[in-house]
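# Understanding the architecture of this molecule
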Amino acid sequence: MLRLLKKILQTGVVTEACKVPKDDELEALGIQIKRHIDKQFSGSIAIRQVDAGSCNGCELEIHALNNPYYDIERYGIHFVASPRHADVLLVTGPVSRHMQTALLRTYEATPNPKWVVAVGDCAACGGEFGVTYASCGAVANVIPVDMVISGCPPTPLALMKGLLGLMVR
Amino acid sequence: MSSSNWTTDFLSQLADVGIAVEQIPLPAISLWQIASPQWQQFAELAMLADLRWASGWAEHHDERLFINACFEKYGVYVLLRAIVNTAKPELPSQATVYPAANRSERHSQDMYGVNFLGHPDNRRWTRHKAWAKNHYPLRKDFPVAGMPETITPPDMDYPFVKAYGAGVYEIPVGPVHAGIIEPGHFRFQAVGELILNLEERLAYVHKGIEKIAEGRNPESLARLAGRISGDTTVGHTWAACRAMEQAAGVEIPARAALLRGILAERERVANHLGDMGAICNDVAFVFAQMQFTRLREDWLRTNAAVFGHRLLMDKIIPGGVACDLTDESAALITQGISQLRKELSEIMPAVDLNSSLEDRLYTAGYLAPDIAKAFGTLGYVGRASGQDFDVRRDAPYAPYDQANFKVALEDQGDIASRFWVRYKEINAALKLIGHFISQLTAGDILAEWQTPLPGSESLGIVEGWRGEIMAYVRFADDNKIARFYPRDPSILNWPALEKLTLNNIVPDFPVCNKSLNGSYSGNDL
Ligand code: SF4
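Treat the numbers as computed from the prediction; the structure is a model and nothing was measured.

## Observations concerning the pairing of strand β15 (residues 481-487) of chain B
Residues and elements named next belong to chain B. With respect to burial, β15 is a largely interior element, seven of its seven residues being buried. For strand β14 (residues 467-475) and β15, the ladder comprises six bridges, and the chain directions are antiparallel. Within the sheet, the bridge partner assigned to valine 473 lies in β15 and is phenylalanine 484. Between the antiparallel neighbours β14 and β15 lie five residues, among them aspartate 478 with a positive phi of about 65 degrees.

Okay, here's the thing in structure tokens:
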């Protein structure tokens, strides 16, 4: 127990400051806002992450948002287990055809008002996989998309800025 | 029979029972061709001779289908092939002998229409509802675009195994799970909290990787291989490049091999750190989760600073690497290694002495060595259950052929074993990275590419962070890919999860799953 406490004290707080981004900064990070969001989120966003066919690279970086450096929860942005509790669907991957119905149902299960953020080049445009017998390509081919955060995968910083961009500025 | 001479003895055993083998040397591997009716009999003898079944896939050539399987013993691989007719594509199953072959044969059944006679479980596997039963996406006459419906219906009527009896109930989970995790479906039969049976239903993220590989050039295939499983981008790209380089007769420069080694070991460390944290998190030991995710983040930032990409995507390219190491960046890496060593020396005793962690991880999720062997379980999962195999040591390739390192091995087979094997592998990887850096001498990092002869084929085998990765490549004319089949270790490890969760309680499933950490994307292709 003592070792544990000692290590906690030694480590201290490593969380880094991060400003809510301006529009031009978002653009520089490859983030597109398709539909402007105002007044809806003040202080809290509940996110349901849906992997609709990704290679799992995007998931690794979304995971990183919860590490002590980014600690995204301090902004009231948290990941929830059910779409019924979510404001935002964070969707990765080209949408595989085998996930198409699951994604549609998740979308339907999310209460209004809701926003969809397409994360990663695959979700943005189909990426390396495109549209085939097995893949529907971009998320926008299946459900309406409000924001795109591109990158392969996007860095945690780009993800965090993008999500902060959803908040009231 | 200590080394490679098992092939000679085995060939004579085959001759004794009348199995004629046509031996065809390929670059880096020998191809044994047999008559298709003897497919299963070969497997029976292979099992008696203690060969490991490592991979299986098919290939379409006009009126014929090539059926392939790869076997290994003492680090020597043999590629077995039989040819069947598309008019009557059938041959006796090897899955009756090797459980490891089960899902791969079902994959070939769905993708090529191969009928494996006597297969113990020939339900569809990769196919859900995106194409019809009598359509075979990997046949050459199937268009890449397919004939999809506007909305692909869910695979509702898949015949799961049922259990009946007083108090038995079923829990369906997925494909969309509660966490930030890939999709797949798990079907539990339970009594109270006890898991009686678990059945996996995967292929939700099947996105046609094998099909869209065809027609690509080497660079483009390498990029695709780097996206088979994002966490294994280095491993898969390396395996695919090795296969292509062998087929093309391209020798990579020594410096490039060392850099590849550094990249691969960095990938191993990053993933193991993430997994160790996640295992602790799944039993609510948040201290360790926070520490390990912090260390992982430090590690990835060094990746970004030195190589320009946090996950190291697209750094391995056909013929060599797309990144070099300056003295300053080598110093950065060395510094990161000693920092990590120091931190781990403080964290691991705290983890080791934690009795609540011990309570949850010891004896849970037990995978018996004989089951691990039967399923051909690989990597840290296999090595935690006594399967003493590592491509880097047993079938060494540059730069590992010039390095000394210890392969971590445990035989307890529980979650704790898989946790500690990972820790040992981190230590070995840190040593290897240091060694590779010390071996670097000035030189090229990219060899000139040579267009391979049409029809050239080879197998690229490397030890990824999850275990042995095997990529099969055949070239068509004009430097184009005719066939690509990447076998992620997850394909062989996923079935082990069904076994190691038995008799555990439902709430322990997440940590059991995490301790194995199969890739869905790498499995589903
Ligand atoms: S954008 Fe890149 S990292 Fe994300 S799913 Fe696609 S290939 Fe993987």
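Anyway, onward from the coordinates.
## Some points on the interface of chain B and chain A
The interface of chain B with chain A comprises 70 residues on the first partner and 52 residues on the second. For the pair chain B and chain A, the two sides together bury roughly 4,700 Å², of which 61% comes from carbon and sulfur. Counting every contact that joins chain B to chain A gives six salt bridges. Taking the shortest distance from any N to any O, the salt bridge between A:Lys7 and B:Glu343 comes out at 2.6 Å.

## Focus: the sheet that holds strand β10 (residues 194-201) of chain B
Residue and element names in this part refer to chain B. Here three strands make up an open sheet; going across it, the order is β8-β9-β10 and the pairing antiparallel. Lying at the two open borders of the sheet, with one neighbouring strand each, are β8 (168-173) and β10. For this sheet, the mean angle separating the axes of adjacent strands, direction not counted, is 20 degrees. Where strand β9 (residues 185-191) lies against β10, seven bridges are found, and the strand directions are antiparallel. Note that in β10 the partner of phenylalanine 186 across the bridge is glutamate 200. Contacts from helix α15 (residues 489-500) reach β9 and β10, with the element oriented near 160 degrees to β10.

## With respect to the confidence of the model for chain A
Taken as a whole, chain A shows an average pLDDT of 88; of its residues, 92% reach a score of 70 or greater. Within chain A, no element has a lower average pLDDT than strand β1 (residues 31-33) of chain A, which sits at 72, and none a higher one than helix α5 (residues 120-125) of chain A, at 96.

## Points about the confidence of the model for chain B
All names here are of chain B. Counting all residues, the mean pLDDT for chain B is 94, and 99% of those residues have values of 70 or more. Summarising per-element confidence for chain B, the mean pLDDT is lowest in helix α10 (residues 355-361) (85) and highest in helix α5 (residues 218-225) (98). Scoring the predicted complex yields pTM 0.95 and, for the interface, ipTM 0.93.

## Thoughts on the site of the ligand
Taken together, A:Ser54, A:Cys55, A:Gly57, A:Cys58, A:Gly120, A:Asp121, A:Cys122, A:Gly151, A:Cys152, A:Pro153, B:Arg227 and B:Met313 are the residues near the ligand. For the shell around the ligand, the elements supplying multiple residues, two or more each, are α3 (57-64) and α5 of chain A. The biggest single contributor to the shell around the ligand is α5(A), with three residues. When the residues that make up the shell around the ligand are grouped by side-chain class, the tally is six nonpolar, four polar and two charged.

## Let's talk about the packing of α5(B) against helix α6 (residues 233-248) of chain B
All names here are of chain B. Between α5 and α6, whose axes approach to 8 Å, the crossing angle comes to 150 degrees. The pairing of α5 with α6 is recorded here as roughly antiparallel in orientation. Of the two elements, α5 crosses α6, and the hand of that crossing is right-handed. Across the interface between the two elements, Pro218, Leu221, Ala222 and Ala225 of α5 pack against His236, Thr237, Ala240, Cys241 and Met244 of α6. Taken together, the residues that form the contact of α5 with α6 break down as seven nonpolar, two polar and no charged.

## Notes on the packing of aromatic side chains
Considering all chains together, one arrives at 24 aromatic pairs over all chains under this definition. Between B:Trp238 and B:Tyr397 the ring centres are 5.3 Å apart and the planes differ by 80 degrees, which places this aromatic pair in the edge-to-face class. Remark: B:Tyr397 occurs in the loop between α13 (391-394) and α14 (415-439) and B:Trp238 occurs in helix α6; sequence separation between them is 159 residues. When sorted by exposure, B:Trp238 lands in the same class as B:Tyr397, which is buried. Considering the side-chain rings of B:Phe285 and B:Phe287, the 5.9 Å spacing of their centres and the 50 degrees angle between planes classify their relative orientation as tilted. The class of B:Phe287 is buried, set by a relative accessible area of 11%. Here a set of aromatic residues connected by ring pairs shows up, and it is made of B:Trp6, B:Phe10, B:Trp32, B:Phe42, B:Phe71 and B:Tyr98. Over the face of the ring belonging to A:Phe129 we find B:Lys207, whose NZ or CZ atom lies 5.3 Å from the ring centre.

The rules behind each value
- Counting restarts for each chain, with residues numbered from 1 along the sequence as it is written.
- Each chain is given a letter, starting from A, and each ligand a number, starting from 1, according to the order in which they appear as written.
- Reporting in this predicted model follows two pLDDT cut-offs: at least 70 for local features of residues, and 80 or more for side-chain atom pairs to be given and counted; totals over whole chains, interfaces and linings ignore these cut-offs and use all residues.
- Calculation of side-chain values draws on the structure's entire complement of heavy atoms; hydrogens and water are dropped beforehand.
- Remark: exposure states derive from per-residue accessible area (1.4 Å probe, protein chains only) relative to the maximum for the residue type, with buried under 20%, exposed over 50%, and partly exposed in between.
- Helix and strand assignments come from DSSP, with helices taken as H or I runs of at least 4 residues and strands as E runs of at least 2, each series counted from the N terminus.
- DSSP bridges decide pairing: two strands pair if at least two such bridges lie between them.
- Any two residues whose heavy atoms approach within 4.5 Å at even a single point are treated as in contact.
- Buried area is calculated as the accessible area (1.4 Å probe) missing from two parts once they are joined, with the contributions of both summed.
- Here a salt bridge means any side-chain nitrogen of Lys or Arg lying within 4 Å of a carboxyl oxygen belonging to Asp or Glu.
- Lines fitted to C-alpha atoms define the axes, with helix axes restricted to the stretch in contact, and inter-axis angles between N-to-C directions lie between 0 and 180 degrees.
- The pLDDT value tells you how sure the predictor is about a given residue, anywhere from 0 up to 100.
- Think of it this way: one heavy atom of a residue within 4 Å of a molecule or strand is enough to make that residue near it.
- Only Asp, Glu, Lys and Arg are considered charged, only Ala, Val, Leu, Ile, Met, Phe, Trp, Tyr, Cys and Pro nonpolar, and every remaining residue, Gly among them, polar.
- Under this scheme an angle from 65 to 115 degrees is roughly perpendicular, one under 35 degrees roughly parallel, and one over 145 degrees roughly antiparallel; angles in between are oblique.
- Each crossing gets its handedness from the near helix: less than a right angle anticlockwise from the far helix is left-handed, clockwise is right-handed.
- Each Phe, Tyr or Trp ring (for Trp, its six-membered ring) is paired with any other whose centre lies within 6.5 Å, and the angle between the two planes then decides the class: stacked below 30 degrees, edge-to-face above 60, tilted in between.
- Either the NZ atom of lysine or the CZ atom of arginine qualifies as a charge over a ring when it sits within 6 Å of the ring centre and within 35 degrees of the ring normal.

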